[in-house]
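As a plain string of letters, each chain reads:
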Amino acid sequence: MTRGRFIVLEGGEGGGKSTQARRLRDHLDARGRRVLLTREPGGSPLAEAIRELVLGSWPEGVDATTELLLIFAARAAHLHATIMPALEAGTDVICDRFVDASYAYQGAGRGLGAARVAVLEKLVLGTLTPDCVLVLDIAPELGVQRIAERGDNNRFDAESLAFMQRVRSAYLARAAAAPERYAVIDAARDVDTVAAELAAIVEALP
Ligand code: TYD
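Just so it is clear, the structure is predicted and the values come from calculations on it, not from any experiment.

A.B. asks: Sorry, what's going on with the state of the cysteines here?
C.D. replies: Each disulfide consists of one covalent bond between the sulfur atoms belonging to two cysteines. Scanning all chains against the criterion turns up zero disulfides. In this structure C95 is not part of a disulfide, and its nearest cysteine sulfur, from C132, lies 13 Å away. Judged by its relative accessible area of 4%, C132 falls in the buried class.

A.B. asks: How should the packing of aromatic side chains be read in this particular structure?
C.D. replies: In this description, a pair of aromatic rings is defined by centroid distance and the angle of the planes. Using the criterion set out here, one finds three aromatic pairs in the structure. Taken together, the ring pairs connect Y105, F156 and F163 into an aromatic cluster. Stacked on the ring of F156, the Lys or Arg R155 has its end atom at 5.2 Å from the ring centre.

A.B. asks: What is the right way to look at helix α5 (residues 114-125) in this model?
C.D. replies: Each α-helix winds once per 3.6 residues, and so residues spaced three or four apart point in a common direction. An ideal rise of 1.5 Å per residue puts 16 Å on twelve residues; α5 measures up with 15 Å between its terminal C-alpha atoms. Residues of α5 that are buried include every one of V117, L120, E121 and L125, and no others. Taken end-on, α5 shows its buried residues confined to a sector of 110°, consistent with a single buried face. α5 presents A115, R116, V119, K122 and L123 as exposed residues on the side facing more than 90 degrees away from its buried surface. Considering only its buried residues, α5 is in contact with α3 (64-88) and α4 (99-109). In the segment just after α5, G126 is the residue with positive phi, at about 60°.

A.B. asks: What is the right way to read empty space enclosed by the protein from this model?
C.D. replies: Where empty space is left in the structure can be found by rolling a water-sized probe over the atoms. Evaluated as defined, the whole model comprises one cavity of 30 Å³ or more. Taken as a whole, the largest cavity holds about 100 Å³ of empty space. In this structure, the largest cavity is lined by 14 residues; those nearest its centre are G12, E13, I138, M164 and R168. Mapped by element, the contributors of at least two residues to the lining of the largest cavity are β4 (132-137) and α7 (161-177).

A.B. asks: Honestly, the site of the ligand in this entry has me stumped. Any pointers?
C.D. replies: Around the ligand, the surrounding shell holds 16 residues, and the nearest of these are E13, K17, R97, S102 and Q106. Here an oxygen atom of the ligand and a side-chain polar atom of K17 are 2.8 Å apart. Relative to its free-state accessible area of 540 Å², the ligand is covered by the protein chains to the extent of 92%. The cavity where the ligand resides is the largest pocket. Secondary structure elements with two or more residues in the shell around the ligand: α1 (17-30), α2 (45-55), α3 and α4. Broken down by element, the shell around the ligand gets its largest block of residues, four residues, from α4. A per-class count over the shell around the ligand returns six nonpolar, four polar and six charged.

Conventions adopted
Residues numbered from 1 in each chain as written. Predicted model: local features only at pLDDT ≥ 70, side-chain atom pairs only at ≥ 80, totals over all residues. Heavy atoms only, no water. Disulfide = S-S within 2.5 Å. Buried < 20%, exposed > 50% of the residue type's maximum accessible area, 1.4 Å probe, protein only. Phe/Tyr/Trp six-rings, centres within 6.5 Å; stacked < 30°, edge-to-face > 60°. Lys NZ or Arg CZ within 6 Å of the ring centre and 35° of its normal. Helix = DSSP H or I, 4+ residues; strand = E, 2+ residues; numbered from the N terminus. Expected span 1.5 Å × (residues − 1). Arc of directions from axis to C-beta. Contact = heavy atoms within 4.5 Å. 1 Å grid on protein atoms, 1.4 Å probe; cavity = no way out; pocket = protein on both sides within 12 Å on 5 of 7 lines; lining within 4 Å. Points joined across faces, edges and corners; volume = space filled by probe spheres on them. Near = heavy atom within 4 Å. Polar contact = N/O pair within 3.5 Å; in protein donor to acceptor, adjacent residues only side chain to side chain. Areas by Shrake-Rupley, 256 points an atom, 1.4 Å probe, with all protein chains shown as cover. Sits in = over half its atoms within 2 Å of the grid points. Nonpolar A, V, L, I, M, F, W, Y, C, P; charged D, E, K, R; others polar.

Shown next, in the form of structure tokens:
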């Protein structure tokens, strides 16, 4: 059985990532592929429970290392329960955020540094890497404006523009370092244009 393709959508806040993830799922579905849409943190019952912990507000706050460990604990559960079984059954997996988000948010945004993230990446993922990472790139100023219109905010949505700028730069740097696996998409454009570009990129994958 051919393994499914592991496709990840990434980007800062307000880039329309979750909408695009659904559009891409619908596109692949219409082409007759078996496809699973999932997200991080979350994507399995245990990982969704950890998501509640990590996105919640706590009296003592959530320090950066705790945040990193919780997210990787959720990722381990998600891989084990959802992602690996689907890929092995030949199903394409579209994941709304994955390990690049830890490099961008915890490594760069929170300032933990890439080396700490890399240790956990090796522990939890081993050699697994996504086949394709689609980075929906948007200027933080515009992203912030979009999430203000949406409501439904979490701890990360309240971060400063400087934080979001660090997140953006980290995504762009990671994409530039491995252009064969990453695509950067201008997410300031309208939803249909972005959806068509994502579909074309995924169609071209092996
Ligand atoms: P969510 O509401 O799903 O936000 P979005 O629609 O922007 O994806 O919340 C997920 C939040 O978790 C998001 O703000 C980024 C954060 N996050 C990290 O900080 N590190 C990670 O590794 C992941 C997967 C997410």
